[in-house]
Amino acid sequence: VQLQASGGGLVQVGGSLRLSCAASGGTFSTYVTGWFRQAPGKEREFVAVITRSGGTTNYADSVKGRFTISRDNTENTVYLQMNSLKFEDTAVYYCAAGRTWAVIAGAYRYWGQGTLVTVSS
């Protein structure tokens, strides 16, 4: 399956962005999907994950209460709504798809190309 992330950009502290990840070439509804991010000089880290049906989600503590992951299997798309953005949210955000419910990047087989989110004052 191919993943195409979009929606990144420059936003002020406290602002919001909505990332999208469009899937093609596979049966999207059979994949667990997640979002990860990588800040300059840091390891890639887990942000959020959602089950195949969209019924269950999990978040990193750093984004809990501010970010919301959702999916539309009819549109083969997963979203990440990001509110109350902070400087430390600045990173390249990646969507990923896999067969396993996991918070570890290595568990995901398919990755999007990444979209840059920059939070400024």
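Whatever comes next refers back to the structure up there.
Read on for an overview of the structure. (Residues numbered from 1 in each chain as written. Predicted model: local features only at pLDDT ≥ 70, side-chain atom pairs only at ≥ 80, totals over all residues. Heavy atoms only, no water.)

Okay, the overall build of the protein chain next. Across its full length, the protein chain holds 0 helices and 11 strands. For a compact globule of 121 residues, the expected C-alpha radius of gyration is about 14 Å, and the protein chain comes in at 13 Å, within 12% of that figure. Summarising the internal contacts of the protein chain: among those between residues at least 6 apart in sequence, 57% fall at separations of at least 24. Accessible surface for the protein chain amounts to roughly 5900 Å². Of this, 48% is attributable to carbon and sulfur atoms. Distance from the positive charge centre (11 side chains) to the negative charge centre (7 side chains) of the protein chain: 5 Å. (Helix = DSSP H or I, 4+ residues; strand = E, 2+ residues; numbered from the N terminus. Rg over C-alpha atoms; globule rule 2.2 N^0.38 Å. Contact = heavy atoms within 4.5 Å. Areas by Shrake-Rupley, 256 points an atom, 1.4 Å probe, with all protein chains shown as cover. Lys, Arg positive; Asp, Glu negative; His and termini not counted. Charge placed at Lys NZ, Arg CZ, Asp CG, Glu CD.)

What follows covers the state of the cysteines. Applying the stated rule across the entire model yields 1 disulfide. The residue that forms a disulfide with Cys-21 is Cys-95, at a sulfur-sulfur distance of 2.1 Å. Disulfide Cys-21-Cys-95: torsion about the S-S bond near 65°, hence right-handed. Of this pair, Cys-21 sits in strand 3 (residues 17–24) while Cys-95 sits in strand 9 (residues 91–98), and the two are 74 residues apart along the sequence. There is no split in this pair, since Cys-21 and Cys-95 are both buried. (Disulfide = S-S within 2.5 Å. Buried < 20%, exposed > 50% of the residue type's maximum accessible area, 1.4 Å probe, protein only.)

The full count for this structure, using the stated rule, is 4 salt bridges. The partner of Arg-37 in a salt bridge is Asp-89, and the shortest N-O contact between them spans 2.9 Å. Note that Arg-37 is positioned in strand 4 (residues 32–38) and Asp-89 in the loop between strand 8 (77–82) and strand 9, a separation of 52 residues in sequence. Neither residue differs from the other here; Arg-37 and Asp-89 are each classed as buried. Residue Arg-66 pairs with Asp-89 through a salt bridge whose shortest N-O separation is 2.7 Å. You can see Arg-66 sitting in the loop between strand 6 (57–59) and strand 7 (67–72) and its partner Asp-89 sitting in the loop between strand 8 and strand 9, a full 23 residues away along the chain. Arg-66 sits in the buried class, given a relative accessible area of 11%. Ionic contacts of the salt-bridge type, sharing partners, join the residues Arg-37, Glu-45, Arg-66 and Asp-89 into one network. (Salt bridge = Lys/Arg side-chain N within 4 Å of Asp/Glu carboxyl O.)

A separate point is the nonpolar core. If you look at the biggest cluster of nonpolar residues, it comprises 38 residues, and the most contacted ones within it are Trp-35, Leu-80, Met-82 and Tyr-93. Counting only elements with at least two residues in this core, the list comes to strand 1 (2–6), strand 3, strand 4, strand 5 (45–50), strand 7, strand 8, strand 9 and strand 11 (115–120). (Core = buried A, V, L, I, M, F, W, Y, C linked by side-chain atoms within 4.5 Å.)

The values reported here are purely geometric and, on their own, carry no functional implication.
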